[in-house]
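Observations on the model geometry
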Amino acid sequence: GAPAVQDKVRQGLDALQRAAAMVAQLDLFSENEELEEIASADLKYLLLPALLGSMTLKQVDMSRRLEHLESARAHFWRFLKLCRSYGLGNFHLPPAAANSPGEKDSESPAPKGPAAAQPSLVAMAMSRQAKIERHNQKKELENRLASMRSCVESGQADDDQIREFYILQIQKWINTSLEEIESIDQEMVILRSRATAKQSPAPPHGTALQARTPLKPFILTRNAAQAKVFGAGYPGLPTMTVDDWYEQHAKQGVVSAQSVPQRTPGINDEEMQKQQQEKKEEEDDEEALQKARSWDDWKDTHPRGYGNRQNMG
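The structure displayed is predicted, hence computed values, not measured ones.

Considering the overall build of the protein
If you tally the helices and strands in the protein, you get 10 helices and two strands. Across the protein, helices and strands are ordered from the amino to the carboxyl terminus as α-α-α-α-α-α-β-α-β-α-α-α. By the burial criterion, 23% of the 313 residues in the protein qualify as buried. At a minimum sequence separation of 6, the contacts of the protein that also span at least 24 residues come to 57%. Surface summary for the protein: the accessible area is close to 22,900 Å², and the carbon and sulfur share equals 53%.

This is how it looks when you write it as structure tokens:
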């Protein structure tokens, strides 16, 4: 992602695109000719579409990531199709585009019926085996290329060695292209699902919260008697008891019915106030409070059993 690296990537893309345009003008390759008809020095130009695809993937502009993936996939697919026409490698040609499964290779027709809805276990096993074979083949090709590279680059190799070297390079890039197309298809599915999620409408509960009627100011009272008193002094503001407030909000769905306080049957507001008043009077009774304090002080200075001599009262 460094600016210097991205400048080199753009320069490489420009050079590869100019080379591909010149190869197209010269008509170096044709699907109607055989591999033996291609000159050994021209074999390396078969790699141009694969190199274009690899260089396109090195661009890091996330705003155009999907566009770069589609372009790179098209380059890899053209390379594989050209190699397939020359008989270079034994592989199944992927579909021309990620969203066009009907253009699959004739040797691997698309499944039909209910079996197409979920991947077959046999197909998954074959795909895994193909990946293992490609990995082993890639290791072997890299070892053979490493032993031949110095000879070819120094100019000491003959025509047969040069031809073998570039054919091995093409076979190596066939495996790389198949892996890149599989990875591109998976990334494109993720990017498209993200774009769909961003365009989806807001959840319905959000609109329900916005449409709720705002509350008007009111005076909250303990019971109906207080509501009459406060309502007389403030005629502009409505009064509401606690029970009425809970019932109103329970109907609107703001609070659940379980949170509404339950009253004891047979006890009204006046009786409840009377009980609270009696309890308060008992707590405020000075004589009873003083007697309790004196008894606590006596127990502190007289242990239990004090004055009991030999069980004699």
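Observations regarding the packing of helix H1 (residues 3-26) against helix H2 (residues 48-57)
Closest axis-to-axis distance for the H1/H2 pair is 10 Å, and the angle between their directions is 155°. By the angle between their axes, H1 is roughly antiparallel relative to H2. Crossing angle aside, the handedness with which H1 passes H2 is left-handed. Between H1 and H2, the residues in contact are Val9, Gly12, Leu13, Leu16, Gln17, Ala19, Ala20 and Val23 and Leu48, Leu51, Leu52, Met55 and Thr56, respectively. Its residues assigned to classes, the contact of H1 with H2 shows 10 nonpolar, three polar and no charged.

Section: the packing of aromatic side chains
According to the stated counting rule, one finds two aromatic pairs in the structure shown. Between Phe165 and Tyr166 the ring centres are 5.4 Å apart and the planes differ by 70°, which places this aromatic pair in the edge-to-face class. For Phe165, a relative accessible area of 4% gives the class buried. According to the relative accessible area criterion, Tyr166 is buried, its value standing at 16%.

As for the layout of surface pockets
Taken as a whole, the second largest pocket spans an internal volume of roughly 340 Å³. Lining the second largest pocket are 18 residues, and of these Val23, Phe29, Pro49, Arg78 and Leu82 lie nearest its centre. For the lining of the second largest pocket, the elements supplying multiple residues, two or more each, are H1, H2 and helix H3 (65-85). When the residues that make up the lining of the second largest pocket are grouped by side-chain class, the tally is 12 nonpolar, two polar and four charged.

With respect to a nonpolar patch on the surface
Residues Trp295, Trp298 and Tyr306 make up a contiguous nonpolar surface patch of about 400 Å² in total accessible area. By secondary structure assignment, the location of Trp295 is in helix H10 (residues 286-301).

Structural notes on the pattern of salt bridges
Summed over the entire model, instances satisfying the criterion amount to six salt bridges. A salt bridge links Asp7 to Arg10, with the shortest nitrogen-to-oxygen separation between them at 2.3 Å. Here Asp7 and its partner Arg10 are both found in helix H1, three residues apart, which amounts to about one turn of the helix. For Asp7, a relative accessible area of 35% translates into the label partly exposed. In this structure, Glu70 engages Arg192 in a salt bridge whose closest nitrogen and oxygen atoms are separated by 3.3 Å. With Glu70 in helix H3 and Arg192 in helix H5 (residues 159-199), this pair connects stretches of sequence that are 122 residues apart.

Considerations on H3
With 21 residues, H3 should reach 30 Å at 1.5 Å per residue; the first-to-last C-alpha distance of 30 Å fits that figure. Every buried residue of H3 is accounted for by Arg65, His68, Leu69, Ala72, Arg73, His75, Phe76, Trp77, Phe79, Leu80, Leu82 and Cys83. Among the structural elements, H2 and H5 are those in contact with the buried residues of H3. Immediately downstream of H3, the backbone of Gly87 shows phi near 75°, a positive value.

Describing unusual backbone geometry
Positive phi is not limited to glycine here, since Asp27 has a value of about 55°. Inspection of the secondary structure assignment puts Asp27 in the loop between H1 and H2. On the basis of relative accessibility, which here comes to 62%, the residue Asp27 falls in the exposed class.

A closer look at the packing of H2 against H3
It is the contact of H2 with H3, at a shortest axis distance of 7 Å, that shows an interaxial angle of 165°. One way to sum up the angle between H2 and H3 is to call them roughly antiparallel. The crossing of H2 and H3 is left-handed. Contact with H2, carried on its side by Pro49, Ala50, Leu52, Gly53, Ser54, Thr56 and Leu57, involves Arg65, His68, Leu69, Ser71, Ala72, His75, Phe76 and Phe79 of H3 and no other residues of that element. Its residues assigned to classes, the contact of H2 with H3 comprises eight nonpolar, six polar and one charged.

Thresholds, definitions, all that
Residues numbered from 1 in each chain as written. Predicted model: local features only at pLDDT ≥ 70, side-chain atom pairs only at ≥ 80, totals over all residues. Heavy atoms only, no water. Helix = DSSP H or I, 4+ residues; strand = E, 2+ residues; numbered from the N terminus. Buried < 20%, exposed > 50% of the residue type's maximum accessible area, 1.4 Å probe, protein only. Contact = heavy atoms within 4.5 Å. Areas by Shrake-Rupley, 256 points an atom, 1.4 Å probe, with all protein chains shown as cover. Axes fitted to C-alpha atoms, helices over the stretch in contact; angles between N-to-C directions. Parallel < 35°, antiparallel > 145°, perpendicular 65-115°, else oblique. Left-handed = near helix turned anticlockwise from the far one by under 90°. Nonpolar A, V, L, I, M, F, W, Y, C, P; charged D, E, K, R; others polar. Phe/Tyr/Trp six-rings, centres within 6.5 Å; stacked < 30°, edge-to-face > 60°. 1 Å grid on protein atoms, 1.4 Å probe; cavity = no way out; pocket = protein on both sides within 12 Å on 5 of 7 lines; lining within 4 Å. Points joined across faces, edges and corners; volume = space filled by probe spheres on them. Patch = residues over 30% accessible without salt bridge, like charges linked within 9 Å, V, L, I, M, F, W, Y side chains within 5 Å. Salt bridge = Lys/Arg side-chain N within 4 Å of Asp/Glu carboxyl O. Expected span 1.5 Å × (residues − 1).

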